[in-house]
Amino acid sequence: MVEAAAAVLTGPTQEDLAAAPTLHDWAFAISGIGNLCLDATGVTGHPHLPEDEAVFTSALVFLDPARGLARTSSRWYRLGKHRENEGRFRPEMADVQAFLNAQLVLLDAARPAFEGR
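Computed from a prediction, not measured in an experiment: that's the story for all the values here.

Colleague: Just to check I follow, could you spell out unusual backbone geometry for this structure?
Modeller: Glycine aside, the phi torsion of most residues is negative, and most peptide linkages are trans. Within the chain, D25 stands out as a residue other than glycine whose phi angle is a positive 50 degrees. Its location among the elements puts D25 in strand β1 (residues 22–30). Positive phi is not limited to glycine here, since D52 has a value of about 65 degrees.

What follows is the structure in structure tokens.
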């Protein structure tokens with residue numbers, strides 16, 4: 001997560017963007033261990049998953065729907081269409097952004113503890 005936060009703070013490179021898979025019809029989800037993730041009905045361009053396979057991402061670190069970008073603990077993604085969450089978990093986009101911004105500050109502050117490992 002600390003490395004992913006550092007990638008967000010420096011911004012994606014052209015190579016990152018060129019290699020970024022696209023998440024289609026995505027929504028917010030919570031993993032079994034409590035991480036905020038993205039759930040998509042399909043992904044294209046992923047290096048390890050078949051085209052159009054449904055995916056549940058690793059922990060979300062950054063989200064910019066206006067630019068169509070997301071960063072998880074493992075990689076950058078391009079964002080296709082957003083779908084509204086169903087059921088009880090229906091976070092507001094502004095609340096997700098506030099959470100991710102606070103998480104980014106904490107991860108950046110923790111970076112010195114993990115450097116050199």
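Colleague: Would you take a moment to explain the packing of helix α1 (residues 2–10) against helix α3 (residues 93–114) for this structure?
Modeller: Their axes nearest at 9 Å, the elements α1 and α3 cross at an angle of 115 degrees. Considering the relative orientation of α1 and α3, their crossing is left-handed. The residues of α3 that touch α1, namely those facing V2, A5, A6, V8 and L9, are L104, L107, D108, R111 and F114.

Colleague: Where do I start with the confidence of the model for the protein in this structure?
Modeller: As a general rule, the predicted coordinates of low-pLDDT regions are not to be interpreted in detail. When pLDDT is averaged along the protein, the result is 91, and 98% of the positions lie at 70 or above. Per-residue pLDDT, averaged within each element of the protein, yields its smallest value for α1 (85) and its largest for strand β6 (residues 76–79) (97).

Colleague: Would you explain the nonpolar core in this entry?
Modeller: A general feature of soluble globular proteins is that nonpolar side chains tend to end up buried together. In this structure, L23, W26, F28, L38, L60 and L63 are the most contacted members of the largest nonpolar core, which totals 15 residues. At the level of secondary structure, the elements contributing two or more residues to this core comprise β1, β2 (36–44), β4 (60–64), β6 and α3. Top element by residues in this core is β2. It accounts for 4 residues. Apart from the residues within four sequence positions on either side, L23 is in contact with L38, A40, G42, V43, V55, T57, Y77, R78, L79 and G80.

Colleague: Explain the sheet that holds β1 here, please?
Modeller: Adjacent strands of a sheet form backbone hydrogen bonds with each other and so pair up, either parallel or antiparallel. An order of β3-β2-β1-β6-β5-β4 is seen for the 6 strands of this open sheet, with the pairing classed as mixed. Edge strands, defined here as strands with exactly one partner in the open sheet, are β3 (55–56) and β4. Packing of α3 onto the sheet brings it into contact with β1, β2 and β4, and relative to β4 it is tilted by some 130 degrees.

Colleague: When you look at α3 in this model, what are you seeing that I'm missing?
Modeller: Since the α-helix turns once every 3.6 residues, residues separated by three or four places project in the same direction. Taking 1.5 Å per residue, 22 residues should reach 32 Å; α3 reaches 30 Å between its end C-alpha atoms and fits that length. Of all bends in α3, the biggest is about 25 degrees, found at D108, and the proline P112 comes one to four residues later. V96, L100, Q103, L104 and L107 are the residues of α3 that are buried. Against α1, β1, β2 and β4 lie the buried residues of α3.

Colleague: Explain the environment of G42 here, please?
Modeller: Relative to the helices and strands, G42 is located in strand β2. Overall, the relative accessible area of 5% leaves G42 in the buried class. Residues G42 and F56, spaced 14 residues apart in sequence, show a C-alpha to C-alpha distance of 9.7 Å. Apart from residues no more than four positions distant in its own chain, G42 is found in contact with T22, L23, H24, D52, E53 and A54.

Colleague: Please clarify how the pattern of salt bridges should be interpreted in this entry.
Modeller: For side chains of opposite charge, pairing can occur when their charged atoms come near one another. Scanning the entire structure with this criterion turns up 3 salt bridges. Linking R67 and D64 is a salt bridge whose minimum nitrogen-to-oxygen distance equals 3.7 Å. A relative accessible area of 53% means that R67 is categorised as exposed.

Analysis parameters
Residues numbered from 1 in each chain as written. Predicted model: local features only at pLDDT ≥ 70, side-chain atom pairs only at ≥ 80, totals over all residues. Heavy atoms only, no water. Helix = DSSP H or I, 4+ residues; strand = E, 2+ residues; numbered from the N terminus. Axes fitted to C-alpha atoms, helices over the stretch in contact; angles between N-to-C directions. Left-handed = near helix turned anticlockwise from the far one by under 90°. Contact = heavy atoms within 4.5 Å. pLDDT = per-residue confidence, 0-100. Core = buried A, V, L, I, M, F, W, Y, C linked by side-chain atoms within 4.5 Å. Buried < 20%, exposed > 50% of the residue type's maximum accessible area, 1.4 Å probe, protein only. Pairing = 2+ DSSP bridges. Expected span 1.5 Å × (residues − 1). Bend = angle between axes of the 7 residues up to and from the residue. Salt bridge = Lys/Arg side-chain N within 4 Å of Asp/Glu carboxyl O.

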